[in-house]
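# Structure assessment
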Amino acid sequence: MSVDKLITRNFRNLHDLDINFHSKFNFFVGDNGSGKSSLLEALFYLGHGKSFRTSKTEALVCYKKSDFVVSIKNDNNCQLGLSRNVSTGETNIKIDGERHYRLSVLAKNIAIQIVTPESFKLFFGGPKERRRFIDLGMFHVEHDFSTLWKSFNRVLKQRNACIRLGNSSSNSSSMLTYWTDQFCELSKQVAQVRFEYTSAIIKELDVWLAMLLPDLKSRVTVQYLQGWPQKKELKEVLFDNIMREASYGYSLYGAHKFDVKFLLDKQSLETQLSRGQQKLFLLALTFAQAKLIAQVNRVKPILLIDDIGAELDINSRRALSSALEQLDCQVLITAIECEVLQPFFDRLAIIDNDHKYDSCIDSDKINPESNSTTKLENYKVFHVKHGEITAMYPDNSE
Ligand SMILES: Nc1ncnc2c1ncn2[C@@H]1O[C@H](COP(=O)(O)OP(=O)(O)OP(=O)(O)O)[C@@H](O)[C@H]1O
């Protein structure tokens, strides 16, 4: 699935937006504060039921307004819409005219991944983001995973409640034993599915690293950490840590504590790579995940890349443009200036004798030396200004 149309009402500074996307490449150019990230945020919100930059929903509604709307129409003519009143907290979700009440239903219909200038810091900064990343892919690729994950979380909650009750009675300690047995069994099942999925990602990662960071490819290794010491039985680990768990009041080991470690020459990757290289690494990983999601053929992944110019030199952007071309997904890319996007336009430029167009129509901003010509509708370029988005290329007659 690709998004054909996006409509927003009162979402941040996007008061009244109605745009038609290209099925593959969409570029958004605009000054600081024009609304580029807000556009990506609106789509992300529809795919995840939350923002990638704030947990406060009230920050998303346009100043002095109380509700916002985000809605899309996909290439199958299916409509997916969400309205949220931040004063009452009322959320209204509609998929093809049918009303839904849970935000989690959104994620089944649209697989959105995002890379921002901050995301590699978050990704390498702690396990939370890495867990979120892997589980997003698992949700779309391993269809039974969400049922298993829900059962696991229910048991985890019960076990944590028992830990907090402590050994106050023989009843509470037998309850803890009961939930610990269930917890260990489900942890093993979750860890096995995650291990298989992570192995598939690692294999796929090689392909994208070869394109984006060829010099480092052979030096990178990835370790999957299941959430408790690899060579021990979880039950044994929990038994050895019974006092520690009691003082913390929750489960310290188990499938919820998994992590993925990236190493360069056996040392942590993030301490050795430059910021640009870290960003390319995260992009390679995101592409690997997008490829796996696309292979399953349930939803077509949509990739959002905010401020593509940040951290990346022209060679990196060239490598990125050829990698993106090989990815079966819809891409939305933002940039402050058109020059930053020139390697992408050059890559996408195909001489077509029937349709010759300049590679970008904003003649003030692009390299005037560039004489490449482009096939019609190979991609779209939009200009973002004060929350309004207008088509720059191929035309602005939409
Ligand atoms: N709730 C809101 N209502 C209206 N406007 C808002 C709201 N929240 C933020 N803004 C404004 O929306 C504008 C767009 O912000 P956004 O982060 O989308 O800009 P951007 O184009 O991504 O900028 P940059 O290139 O600097 O990252 C900013 O001027 C911001 O102050």
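These numbers come from a predicted model, not from an experiment.

So, how was this worked out
- Residues numbered from 1 in each chain as written.
- Predicted model: local features only at pLDDT ≥ 70, side-chain atom pairs only at ≥ 80, totals over all residues.
- Core = buried A, V, L, I, M, F, W, Y, C linked by C-beta atoms within 7 Å.
- Buried ≥ 20, exposed ≤ 12 C-beta atoms within 10 Å, placed from the backbone.
- Helix = DSSP H or I, 4+ residues; strand = E, 2+ residues; numbered from the N terminus.
- Contact = placed C-beta atoms within 7 Å.
- Near = placed C-beta within 6 Å.
- Nonpolar A, V, L, I, M, F, W, Y, C, P; charged D, E, K, R; others polar.
- Axes fitted to C-alpha atoms, helices over the stretch in contact; angles between N-to-C directions.
- Parallel < 35°, antiparallel > 145°, perpendicular 65-115°, else oblique.
- Left-handed = near helix turned anticlockwise from the far one by under 90°.
- Pairing = 2+ DSSP bridges.

Ranked by internal contacts, the top residues of the largest apolar core, which has 83 residues, are F27, A42, L46, A284 and L304. In terms of residue count, helix α9 (residues 275–296) provides more of this core than any other element does, eleven residues in total. Not counting chain neighbours up to four residues away, the residues in contact with A42 comprise L6, T8, F11, L14 and V70. With 18 residues, the next largest nonpolar core counts L176, L238, Y253 and A255 among its residues.

The subject of this paragraph is the site of the ligand. In the region of the ligand, 15 residues are neighbours, and N13, N32, G33, S37 and S38 sit closest. Of the residues forming the shell around the ligand, the biggest block, three residues, is contributed by helix α1 (residues 36–48). Grouping the constituent residues of the shell around the ligand by class yields five nonpolar, eight polar and two charged.

Next up on the list: the packing of helix α4 (residues 127–141) against α9. Between α4 and α9, the least distance of the axes is 9 Å, while the angle of their chain directions is 15°. In this view, α4 runs roughly parallel relative to α9, as classed from their interaxial angle. When the axes of α4 and α9 are compared, the crossing they make is left-handed. Counted together, G137, H140 and V141 of α4 and Q289, L292, I293 and V296 of α9 form the full contact between these two elements. Taken together, the residues that form the contact of α4 with α9 break down as four nonpolar, three polar and no charged.

Now for the pairing of strand β1 (residues 3–11). Direction of pairing for β1 relative to strand β4 (residues 67–74): antiparallel, over a ladder of six bridges. Each bridged residue has a counterpart across the sheet, and for K5 the counterpart in β4 is K73. The pairing of β1 with strand β2 (residues 14–20) spans six bridges and is classified as antiparallel. Residue pairing in the sheet places K5 in a bridge with N20 of β2.

Okay, unusual backbone geometry next. For the peptide bond that leads from Y393 to P394, omega is 5°, which places it in the cis range. Locating P394 in the fold gives a position in the segment after β17 (388–393). With phi around 55°, N10 is a residue other than glycine that occupies positive phi space. Locating N10 in the fold gives a position in strand β1. Judged by local crowding, N10 falls into the buried class, with 22 C-beta atoms found within 10 Å. A positive phi is found at D307, a non-glycine position, where the angle reads about 55°. Here D307 falls in the buried class, since 20 other C-beta atoms lie within 10 Å of it.

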